[in-house]
Amino acid sequence: MKLKFGLMAAALALGGAAMAQTKWDLPAAYPASNFHSENLVQFANDVDKATGGKLKITVHSNAALFKAPEIKRAVQQGQAQIGEILLVNFQNEWQLFGADGLPFLADSYDASMKLYKAQKPFLEKKLGEQGMMLLYAVAWPPQGIYTKRTLNSAADMKGLKWRAYSPATARIAELVGAQPVTVQAAELSQAMATGVVDSYMSSGSTGYDSKTYEHIKNWYDTQAWLPKNAVIVNKAAFNALDKATQDAVLKAGAEAETRGWNMSKAENTRTQNLLKQNGMSIITPPAQLKADMKKVGDTMLKEWLDKAGPEGKQLVDAYRKL
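Computed from a prediction, not measured in an experiment: that's the story for all the values here.

Cut-off values and rules
- Each chain carries its own residue numbering, running from 1 in the direction its sequence is written.
- Residue-level local features of this predicted model are given only where pLDDT is at least 70; pairs of side-chain atoms are given and counted only at 80 or more, and the full residue set underlies all totals for whole chains, interfaces and linings.
- Values shown for side chains rest on all heavy atoms present in the structure; no hydrogens or waters enter the calculation.
- As used here, the term nonpolar core means buried Ala, Val, Leu, Ile, Met, Phe, Trp, Tyr and Cys residues forming a set that is joined through side-chain atoms within 4.5 Å.
- Only protein chains enter the accessibility calculation, which uses a 1.4 Å probe; a residue is then buried when its area is under 20% of its type maximum, exposed when over 50%, and partly exposed in between.
- Residue contacts follow a heavy-atom distance rule, with two residues in contact if any of their heavy atoms lie within 4.5 Å.
- For two strands to be treated as a pair, DSSP must find at least two bridges joining them.
- Helix and strand assignments come from DSSP, with helices taken as H or I runs of at least 4 residues and strands as E runs of at least 2, each series counted from the N terminus.
- Between N-to-C directions, angles cover 0 to 180 degrees, with each direction set by a line fitted to C-alpha atoms, over the stretch in contact for helices.
- What qualifies as a polar contact is a pair of N or O atoms within 3.5 Å, subject to a donor-acceptor requirement within protein and to the restriction that residues adjacent in sequence count only when both atoms come from side chains.
- A clockwise path from the first strand over the helix to the second, with the strands pointing away from the viewer, defines a right-handed crossover.

Caption draft 1: Inspection of the nonpolar core at higher detail. Of all hydrophobic cores here, the largest spans 64 residues; its most connected members are Trp 24, Phe 43, Ile 57, Ile 82, Leu 135, Val 249 and Trp 304. With residues up to four places along the chain from it excluded, the contact list for Phe 43 reads Leu 26, Ile 57, Ile 82, Leu 135, Val 249, Ala 252, Gly 253, Ala 256 and Arg 259. Core analysis: the next-biggest nonpolar cluster, separate from the first, contains 19 residues, Phe 104, Trp 162, Val 176 and Leu 289 among them.

Take a look at the structure:
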């Protein structure tokens with residue numbers, strides 16, 4: 001009988017421990033080997049450690065739980081308590097989500113951080129209205145131009161068969177007289193091999209992953225834009241945590257943000273070095289090309305401001321004052 005009661009007591013104790021533990025799912029769109037995903041895993045481990053296992057966050061990378069466009073809604077509706085999104089993916093919903101995808105508005109890590117600081121209050125307000133909160137955000141490496149041609153000015157881009165994968169990249173092509181061709185990432189290598197495209201804009205990471213160096217030997221480091229991934233949290237799920245656990249999540253998030261930006265810079269350097277090792281020339285844009293592309297960016301910024309309205313103007317004004 002004593003043994004029976006002992007087993008019952010142990011079972012009740014285990015049940016209490018299980019009830020005290022909270023489990024969160026964190027869907028993400030990128031492979032486990034991506035630096036953003038690695039940063040998420042470190043964040044989850046930090047929360048686990050700080051809370052003594054009270055809050056367990058499981059990272060579901062590579063769109064295993066939800067596809068990229070579905071993650072924001074999943075967090076908003078509470079299907080996932082926390083998730084990572086690419087902000088520019090949601091520009092059609094609200095223009096300010098796409099501020100960091102505007103070409104040449106913020107063309108370095110320092111400028112990108114200033115833009116984030118200006119954008120952050122707007123993001124927090126919008127996400128708050130949608131029942132969510134912004135935990136942290138990390139920039140991707142900057143975007144440059146891959147081309148077989150030597151580019152001294154935008155005029156040299158006329159007639160290029162230009163890979164377009166978004167409204168912004170298609171609009172750039174139109175403004176410089178290139179021919180936009182819609183090609184998805186998975187089809188990029190084949191498109192270059194068959195001559196369907198001979199130029200495109202992306203990061204050093206994409207260039208290395210797609211083995212662009214086998215077809216194109218020039219990458220102009222324009223640092224055109226640095227889009228950001230944001231980690232968002234369902235507000236009701238966060239509010240359900242005790243104060244100490246909330247503090248642990250916020251602290252781990254702040255650390256993940258700092259770490260993530262440093263990881264992005266390291267990834268940029270790493271992939272550029274790998275491109276060089278494979279015969280790619282990494283070129284600083286000539287002054288005329290830079291000036292011409294800045295004009296393209298100014299045109300696109302004006303078009304964006306027309307759509308974004310007063311909020312967009314407030315954001316850009318705040319950014320330019322920093």
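Caption draft 2: Layout of the sheet that holds strand β10 (residues 228-234). Pairing in this open sheet of 3 strands is antiparallel, and the strands run β3-β10-β4 from one edge to the other. At either end of the open sheet lies a strand with only one pairing partner, and these are β3 (82-86) and β4 (132-139). Neighbouring strand axes in the sheet, compared pairwise and without regard to direction, differ in orientation by 25° on average. Relative to β10, β3 runs antiparallel, the two being bridged by 5 bridges. Counterpart to Ile 82 in the pairing with β10 is Val 233. Where helix α2 (residues 35-50) meets the sheet, it contacts β3, β4 and β10, and its direction lies at approximately 130° from that of β4. On the sheet, helix α9 (residues 243-277) packs against β4 and β10 and is oriented at approximately 25° with respect to β4.

Caption draft 3: Structural context of the environment of Lys 217. Residue position: Lys 217 is located in the loop between α7 (204-209) and β9 (218-220). The residues contacting Lys 217, other than those within four sequence positions of it, are Thr 147, Asn 278, Gly 279, Met 280 and Ser 281. Reaching out from Lys 217, the side chain makes a polar contact with the backbone oxygen of Tyr 213 at a distance of 2.6 Å.

Caption draft 4: The pairing of strand β7 (residues 179-182), seen in detail. Pairing of strand β6 (residues 161-164) with β7 involves 4 bridges; the strand directions are parallel. Pairing of Lys 161 across the sheet is with Gln 179, part of β7. Viewed along the sheet, the connection from β6 through helix α5 (residues 167-176) into β7 turns out right-handed.

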